[in-house]
Amino acid sequence: MKIIVSIKRVVDHNVQVRPKNDLSGVELAGARMSMNPFDENALEEAVRLKEQGIASEVIAVSFGETGVQESLRQALALGATCAIWGQAPAKLDSLAVASLLQHVVERESATLVLLGKQAIDDDAGQTPQMLAALLDWPQAVAVSTLKVEGDRLQLEREIDGGTESLEIQGSAVISADLRLNAPRFVKLPDLMKAKRLPIETLDCAALGLDLAPRMRITRVETPAPRAAGQRVSSVAELIEKLRHEAQVIA
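Below, the structure is looked at part by part. (Residues numbered from 1 in each chain as written. Predicted model: local features only at pLDDT ≥ 70, side-chain atom pairs only at ≥ 80, totals over all residues. Heavy atoms only, no water.)

### Here we look at the overall build of the chain
Right, so step 1: For the chain, the helix and strand inventory stands at six helices and 11 strands.
Right, so step 2: In the chain, buried positions account for 39% of the 250 residues.
Right, so step 3: Summarising the internal contacts of the chain: among those between residues at least 6 apart in sequence, 72% fall at separations of at least 24.
Right, so step 4: If you sum the accessible surface of the chain, you get close to 14700 Å²; carbon and sulfur atoms cover 50% of it.
Right, so step 5: Here the chain contributes 28 positive and 34 negative side-chain charges, whose respective centroids are spaced 5 Å apart. (Helix = DSSP H or I, 4+ residues; strand = E, 2+ residues; numbered from the N terminus. Buried < 20%, exposed > 50% of the residue type's maximum accessible area, 1.4 Å probe, protein only. Contact = heavy atoms within 4.5 Å. Areas by Shrake-Rupley, 256 points an atom, 1.4 Å probe, with all protein chains shown as cover. Lys, Arg positive; Asp, Glu negative; His and termini not counted. Charge placed at Lys NZ, Arg CZ, Asp CG, Glu CD.)

### Thoughts on the side chain of Asn 41
Right, so step 1: Mapped onto the fold, Asn 41 is located in helix α1 (residues 37-51).
Right, so step 2: With near-sequence residues (within four places) excluded, Asn 41 lies in contact with Ala 176, Asp 177, Leu 178, Leu 180, Asn 181 and Pro 183.

### Describing the side chain of Ser 99
Right, so step 1: Along the chain, Ser 99 falls in helix α3 (residues 94-108).
Right, so step 2: Looking at Ser 99, the relative accessible area reads 14%, which means it is buried.

### Re the sheet that holds strand β8 (residues 152-159)
Right, so step 1: Ordered in space as β9-β8-β7-β10-β6-β1-β4-β5-β11, the nine strands form an open sheet in which the pairing is mixed. The open sheet has two free edges, formed respectively by β9 (162-169) and β11 (200-203), since each of these has just one partner strand. Direction aside, neighbouring strands of the sheet carry axes that sit 30° apart on average.
Right, so step 2: Looking at chain direction, strand β1 (residues 2-6) and strand β4 (residues 57-64) are connected through five bridges and run parallel. Residue Ser 6 lies in a different strand from β4, and its bridge partner there is Val 61.
Right, so step 3: With respect to the sheet, α1 is in contact with β1, β4, β6 (112-116), β7 (139-149) and β10 (172-176), its orientation differing from that of β6 by roughly 145°. (Pairing = 2+ DSSP bridges. Axes fitted to C-alpha atoms, helices over the stretch in contact; angles between N-to-C directions.)

### Description of the pattern of salt bridges
Right, so step 1: Scanning the entire structure with this criterion turns up 18 salt bridges.
Right, so step 2: Salt-bridge contacts for Lys 2 lead to Glu 57; the nearest nitrogen and oxygen are separated by 3.8 Å. Residue Lys 2 is located in strand β1, and its partner Glu 57 is located in strand β4; the two are separated by 55 residues in the primary sequence.
Right, so step 3: In this structure, Arg 179 and Glu 158 form a salt bridge, with 3.2 Å as the shortest nitrogen-oxygen distance. With Arg 179 in the loop between β10 and α5 (188-194) and Glu 158 in strand β8, this residue pair connects regions lying 21 residues apart in the sequence.
Right, so step 4: Each member of the salt-bridge network shares a partner with another, and the members are Lys 2, Glu 57, Arg 107, Glu 108 and Glu 200. (Salt bridge = Lys/Arg side-chain N within 4 Å of Asp/Glu carboxyl O.)

The structure is reproduced here in structure tokens:
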């Protein structure tokens, strides 16, 4: 089994983001960047499958500008077999990423794709589903348990009111939830070794794919501060406030 793991470089989840002065986007200058947390879970699961002898190869893939190589080095340090850097603009929408991943999956003849269920910068959560549609493969999103039994994948995912069990035979696109596993920490010696490993470069512009964004960000603002709570003395007073003061947000 050959596994493709998609990785996105995002602002670290511990960093308080702020909009640019002109409100055209999020200020990235000087911000600490890291691997998307959900992608860490996807990578960890792929590496575990390799360590169990189920997967023969784990290929980490990331698209973007030069900075994404740092996340790919981290993936190599964590156990990925090799890494592919897709040279592309920093702003790629979900369909563009899915199209690029389709090219890599078909080129590498991979049988399993593992991704995070969403990226914490845009929270779109669309790429796994779009990739599955382009490949015409079965999919399972927000997976919290994954077991391989022969050529079948036994999966569980949380849904409203409980859990759902799924079984997929053959190739599949799987997106990872945070509950899937606990990612390991990068060891400094492994990181130093990874810095000497080669990273394949893929010129995305030469593939002839339509990577033009379908959406445009017009304005980014800091959310308004939350109003302070109010204490009421009785249920009757609560109902009265809900009836006359509470606002319904469509």
